[in-house]
Amino acid sequence: MAGRTGARNAPGGPLDDDRRPGAQDIADELRERIRAGVLKAGDRLPTQATLAAQFDVERGTVRQALQLLEADGLLANRSKGSPPRIAPAAAGTDEPQSTMVTLSPRLVEAFRAPRVRIDAVCMTSETLMLALGEPLRLIYEGRMRPESIDVRILLPSRDIDLAFPVPVGDAAPDGDDPVHQRWLATRNAQGQVLRHNLRSLRTSPGIDVTVTFRALPFTPQMRLYLLNGEEALFSYYKVTRREEEIDSDTTLEMYAASDPQALAFSFERRAGHRDRAFVEDSQKWFDALWGTITSDLTLT
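Going along each chain's sequence as written, the residues are numbered from 1 onward. In view of the model being predicted, local features appear only for residues whose pLDDT reaches at least 70, and side-chain atom pairs are presented and counted only at 80 or more, with totals across whole chains, interfaces and linings using the full set of residues. With hydrogens and water excluded, all non-hydrogen atoms of the structure serve as input to the side-chain values.

**A closer look at the overall build of the protein**
To be explicit about the condition: By definition, any uninterrupted DSSP run of H or I lasting at least four residues is a helix, any uninterrupted run of E lasting at least two residues is a strand, and each is numbered from the N terminus. Between two residues, a contact is recorded if the distance between any of their heavy atoms is within 4.5 Å. Here the accessible surface of atoms and residues is derived via Shrake-Rupley with a 1.4 Å probe, and residues count as covered only by protein chains that are part of the display.
The number of helices and strands found in the protein is eight helices and 12 strands. Taking all contacts inside the protein whose residues are at least 6 apart in sequence as the whole, residues at least 24 apart take part in 69%. Carbon and sulfur atoms make up 48% of the accessible area of the protein, which amounts to about 14,900 Å² in all.

**Concerning a nonpolar patch on the surface**
For the record, the criterion: To count toward a patch, a residue needs a relative accessible area above 30% and no salt bridge. Like charges then connect within 9 Å, nonpolar side chains (Val, Leu, Ile, Met, Phe, Trp, Tyr) within 5 Å. Any Lys or Arg side-chain nitrogen located within 4 Å of an Asp or Glu carboxyl oxygen qualifies as a salt bridge. Only protein chains enter the area calculation, which uses a 1.4 Å probe; residues under 20% of their type maximum are buried, those over 50% are exposed, and those in between are partly exposed.
A contiguous nonpolar surface patch, about 270 Å² in accessible area, is contributed by Tyr236, Leu263 and Phe265. Looking at where Phe265 falls in the secondary structure, it is placed in strand 11 (residues 265-268). Residue classification places Phe265 among the partly exposed residues on the basis of a relative accessible area of 33%.

**With respect to the confidence of the model for the protein**
Quick note on the threshold: pLDDT measures the predictor's confidence residue by residue and takes values from 0 up to 100.
The predicted model of the protein averages 85 in pLDDT, with 86% of residues at 70 or higher. Across residues 1-13, where pLDDT falls below 50, the model places 31 contacts with residues more than four positions away in sequence or in other chains.

**Comments concerning the sheet that holds strand 7 (residues 222-227)**
Put simply, the test is: Pairing between strands is defined by DSSP: at least two bridges between the two strands are required. Lines fitted to C-alpha atoms define the axes, with helix axes restricted to the stretch in contact, and inter-axis angles between N-to-C directions lie between 0 and 180 degrees.
Read from one edge to the other, the open sheet built from seven strands follows the order 11-8-7-3-4-6-12, with strand pairing classed as mixed. Among the strands making up the open sheet, the edge pair consists of strand 11 and strand 12 (295-296). Strand direction decides the pairing type here: strand 3 (residues 115-121) and strand 4 (residues 148-156), joined by seven bridges, are parallel. Looking at strand 4, one finds that Ala120 is bridged to Ile153. Across the face of the sheet, helix 4 (residues 99-110) comes into contact with strand 3, strand 7, strand 8 (231-236) and strand 11 while running at roughly 20 degrees to strand 7.

**Some details on the pairing of strand 6 (residues 208-216)**
In the sheet, strand 4 pairs with strand 6 via nine bridges, with the strands oriented parallel. In the sheet register, Ser148 faces strand 6, and the bridge partner there is Asp208. Sheet topology places strand 6 next to strand 12; two bridges connect them, and they run antiparallel. Within strand 12, the position partnered with Arg214 by the bridge is Asp296.

**Points about helix 2 (residues 48-55)**
How we decide: In this context, the arc is that of the directions from the helix axis out to the C-beta atoms.
Turning to helix 2, its buried residues are Leu51, Ala52 and Phe55. The buried residues of helix 2 occupy one face: seen down the axis, they fall within an arc of 100 degrees. Of the residues trailing helix 2, Asp56 is marked for its positive phi of about 60 degrees.

Here's what the structure looks like:
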């Protein structure tokens, strides 16, 4: 870079220069750290104060550098009071992570908004239920305080013939399908826990919470999470043939999808035209299902 009198330090170190770097210098250095893998997708940048001290500049210069990175689509979830994360689409970064690893920090960022809206399509509420643990903890600690939380979840109807999980071969002679009954019990129990955990926030003054379930007339082939209309997380269910224990006395061979390590692909409206189109079209798809062919769902 012009003006440098020495070689660049190893990625992660301050600039080796005999002058104070400008915003473009700092942005270039942070880009290099991203390309070198020192900063990975999902990682938070240091605070502005830390970066200002590291580069020996004013915080205003750091803010300008972050604006340059944001304009290039390298930063995600910029908000007041919280350092931004490296965007999944950052240069040289093409490493989607598991759904659970990806969803939890995204929910934390989504819950920083004053009005939170989470829409989900899934087989059960398990992943969402577990990923909500961190934002709920931060709310109880008083570190976040949204005004309202609206969660809408589409789950398969109890009355349909599921594509999975299903037993291999014929069901029991009397027509009772223990695989379906176990899935149904799991769907209901996890949904009830998720609803209870969210509704418990009503004890915090000023937080309005709504949790609604509706029933799909088909088996979803993927998980889809829509966060505040700004981000979509998409993950395929992968069906395998295996034996599972139904109860203490019964083991059945079945086709099922149980893939906690399934990769999640993130799309953000701010990341560019293709991502924006995916998020907006996914939201339209969800809203259309919600208002047309789905039905009321009671968790019993």
